[in-house]
Amino acid sequence: MLILLGMPVVQIILFGFAITTEVKNVRTAVLDPSGDVATHRIIDRLAASEYFTIVTRLHSPDEMEQAFKRGDIDLAVVFTPRFSDCLYTGESGIQLVADATDPNMATTRLGYASGVIASAQQELMADGVRMPSVVPRMKLLYNPQMKSVYNFVPGVMGLILMMICAMMTSISIVREKEMGTMEVLLVSPMRPLYIILAKAVPYFVLSFVNLTTILLLSVYVLGVPVAGSLSMLVLVSLLFIFVSLSLGLLISTLTHTQVAAMLASGLVLMMPTMLLSGMIFPIESMPPLLQGISCLIPARWYIQVVRKLMIEGVDVLFAWREVAVLGLMAVVLMTVSLKKFKDRLA
């Protein structure tokens, strides 16, 4: 009944609202040293558009760089000094700086911004007065070659590790309960905690092997470099593996059969991880409800960390928020899972 009635509802909601190629709520920063009427007109047009949200006003290029490293903005609009005075001489300029870790979205955002700026320039032209058109110059950060592999490698890492750890762990423990061998293990002198950890260790090792394989293939076959700290990337990946194992343990305490565990893993893990983690579709373009749900998906935070450490090459301090969320999820999931497991034993 859950497959027949629940799956269509989940699919139509997720596919209908999460899958979108539209650009909405692009976090935009503005660096405007002149602050004149012309720049204000262009900024107002960007802010009035449903595609862009002005989140901050910058005061220097260094501040812009820090904002990109923290992941606070997706696009920056930079104006030349004395923009309005130089507008009729053709010396005015606009630069659009975009985060190109997702090359397709970066191209779309730059295209939308260029269109809004061109429309604002038409409004600035007085009747009968002609002036040179200002064509924005584009700058792509972190992925100037616009390689798509830079985008999907972090997402694939999160999906594979989540599926192997959570799904396989939940199925293996439920299989023991379904076959009746879990009771035999529990009456042994070993504590239940050690039994559960022993069931999880093989998948932890397998996930580490898969992580190593993915990194080697990404670097030497796909040509995606590890721009940041490799050791920190591995440590964060091990933390994400632990979170996934805890999630699998929780699913195993809530289900009684392997089919139920597979169904729960598919509904709760696979589809939301693919659609709501930012792996394929931008989270900013989703409705607020789905954006809130995406905050509960561990893969979302892991993918953001991998993009920062592996693609952008920033220090782990710029990813402290994502690491803190993963650490909190690990503690909460493991605590709840062990408590539920002990309650079932009682």
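Residues numbered from 1 in each chain as written. Predicted model: local features only at pLDDT ≥ 70, side-chain atom pairs only at ≥ 80, totals over all residues. Heavy atoms only, no water.

Help me understand the overall build of the chain, please; the structure alone is not making it clear to me.
The secondary structure content of the chain amounts to twelve helices and five strands. Dimensions along the principal axes, computed over C-alpha positions, put the chain at roughly 90 × 45 × 35 Å. The buried share among the 346 residues of the chain stands at 46%. Expressed as a percentage of contacts within the chain between residues at least 6 apart in sequence, the contacts between residues at least 24 apart total 77%. A total of about 16,600 Å² of accessible surface is found on the chain, and carbon and sulfur atoms cover 66% of it. (Helix = DSSP H or I, 4+ residues; strand = E, 2+ residues; numbered from the N terminus. Buried < 20%, exposed > 50% of the residue type's maximum accessible area, 1.4 Å probe, protein only. Contact = heavy atoms within 4.5 Å. Areas by Shrake-Rupley, 256 points an atom, 1.4 Å probe, with all protein chains shown as cover.)

Where do I start with the sheet that holds strand S4 (residues 94-99) in this structure?
Sheets are built from strands paired through backbone hydrogen bonds, the pairs being either parallel or antiparallel. With mixed pairing, five strands are arranged side by side in an open sheet as S2-S1-S3-S4-S5. Only two strands of the sheet have a single partner each, and these edge strands are strand S2 (52-58) and strand S5 (137-141). The average angle at which neighbouring strand axes cross in this sheet is 25°, direction not considered. When strand S3 (residues 75-79) meets S4, the two strands line up antiparallel, connected through five bridges. Opposite Ala76, over in S4, you have Val97 as the bridge partner. Sitting on the sheet, helix H4 (residues 103-124) touches strand S1 (26-31), S2, S3, S4 and S5, and the angle it makes with S4 is about 155°. (Pairing = 2+ DSSP bridges. Axes fitted to C-alpha atoms, helices over the stretch in contact; angles between N-to-C directions.)

It is not clear to me how the nonpolar core should be interpreted in this structure. Could you clarify?
Within soluble globular proteins, side chains that are nonpolar tend to cluster in buried spots. Within the largest apolar cluster, 53 residues are counted, with the highest numbers of intra-cluster contacts made by Met157, Met162, Val224, Phe240, Leu269, Tyr302 and Met310. Listing elements by their share of this core, those giving two or more residues are helix H5 (149-179), helix H7 (192-220), helix H8 (230-254), helix H9 (258-276), helix H11 (298-312) and helix H12 (320-345). In terms of residues, this core owes the most to one element, H5, which gives 13 residues. (Core = buried A, V, L, I, M, F, W, Y, C linked by side-chain atoms within 4.5 Å.)

Would you explain the packing of H8 against H11 in this entry?
Running from N to C, H8 and H11 point in directions that differ by 175°, and their axes come no closer than 10 Å. Classified by the interaxial angle, the pair formed by H8 and H11 is roughly antiparallel. Residues Met232, Leu233, Val236, Ser237, Phe240 and Val243 of H8 touch H11, and the partners they reach there are Pro298, Ala299, Tyr302, Val305, Val306, Leu309 and Met310. Looking at the contact of H8 with H11 residue by residue, the class counts come to twelve nonpolar, one polar and no charged. (Parallel < 35°, antiparallel > 145°, perpendicular 65-115°, else oblique. Nonpolar A, V, L, I, M, F, W, Y, C, P; charged D, E, K, R; others polar.)

Can you walk me through the environment of Gly266 in this structure?
Within the secondary structure, Gly266 is located in helix H9. Separated by 99 residues in sequence, Gly266 and Met167 have C-alpha atoms that sit 8.2 Å apart. Dropping the residues within four chain positions of it, Gly266 is found in contact with Met167, Met271 and Pro272.

Any chance you could explain a nonpolar patch on the surface here in plain terms?
Where nonpolar side chains cluster on the molecular surface, the patch consists of Phe152, Leu216, Leu217, Tyr220, Val221 and Leu222 and spans about 620 Å² of accessible area. At three residues, the largest contribution of residues to the nonpolar patch is made by H7. Turning to its location among the elements, Phe152 is positioned in helix H5. With relative accessibility at 36%, the residue Phe152 sits in the partly exposed group. (Patch = residues over 30% accessible without salt bridge, like charges linked within 9 Å, V, L, I, M, F, W, Y side chains within 5 Å. Salt bridge = Lys/Arg side-chain N within 4 Å of Asp/Glu carboxyl O.)

Teacher, can you tell me more about the pairing of S1 here?
A regular strand carries its side chains on alternate faces of the sheet. With respect to burial, S1 is a largely interior element, five of its six residues being buried. For S1 and S2, the ladder comprises six bridges, and the chain directions are parallel. Note that in S2 the partner of Leu31 across the bridge is Leu58. In this fold, the crossover linking S1 to S2 by way of helix H2 (residues 37-48) has right-handed handedness. As defined by bridge partners, S1 adjoins S3 across four bridges and the pair is classed as parallel. Looking at the pairing, Val30 lines up with Val77 of S3. (Right-handed = clockwise from strand over helix to strand, strands pointing away.)

I would appreciate a short explanation of the packing of aromatic side chains in the present structure.
By convention here, two paired aromatic rings are described through the distance between centres and the angle between planes. Using the criterion set out here, one finds three aromatic pairs in the structure. An angle of 80° between the planes, with centres 4.6 Å apart, marks the rings of Tyr51 and Tyr112 as edge-to-face. Of the two residues, Tyr51 is situated in the loop between H2 and S2 and Tyr112 in helix H4; the sequence distance between them amounts to 61 residues. Taking relative accessible area as the criterion, Tyr51 reaches 28% and is therefore assigned partly exposed. (Phe/Tyr/Trp six-rings, centres within 6.5 Å; stacked < 30°, edge-to-face > 60°.)

Sorry, what's going on with H4 here?
Residues lying three or four places apart along an α-helix face the same way, a consequence of the helix completing one turn every 3.6 residues. Between the first and last C-alpha of H4 there are 32 Å, a value that for 22 residues agrees with the 32 Å anticipated at 1.5 Å per step. Every buried residue of H4 is accounted for by Pro103, Met105, Ala106, Arg109, Leu110, Ala113, Ser114, Val116, Ile117, Ala120, Gln121 and Leu124. (Expected span 1.5 Å × (residues − 1).)

Help me understand the environment of Ile297, please; the structure alone is not making it clear to me.
Here Ile297 lies in the loop between helix H10 (288-294) and H11. Put simply, Ile297 and Thr273 are 24 residues apart on the chain and 6.8 Å apart in space, counted from C-alpha to C-alpha. Non-local contacts of Ile297, meaning those with residues more than four positions away in its chain, are made with Pro272, Thr273, Leu276 and Met329.

What am I meant to see in the side chain of Arg307 here?
With respect to the helices and strands, Arg307 occurs in helix H11. The side chain of Arg307 is buried and forms no salt bridge, while Asp102, the nearest opposite charge, is found at 5.1 Å. (Lys, Arg positive; Asp, Glu negative; His and termini not counted.)

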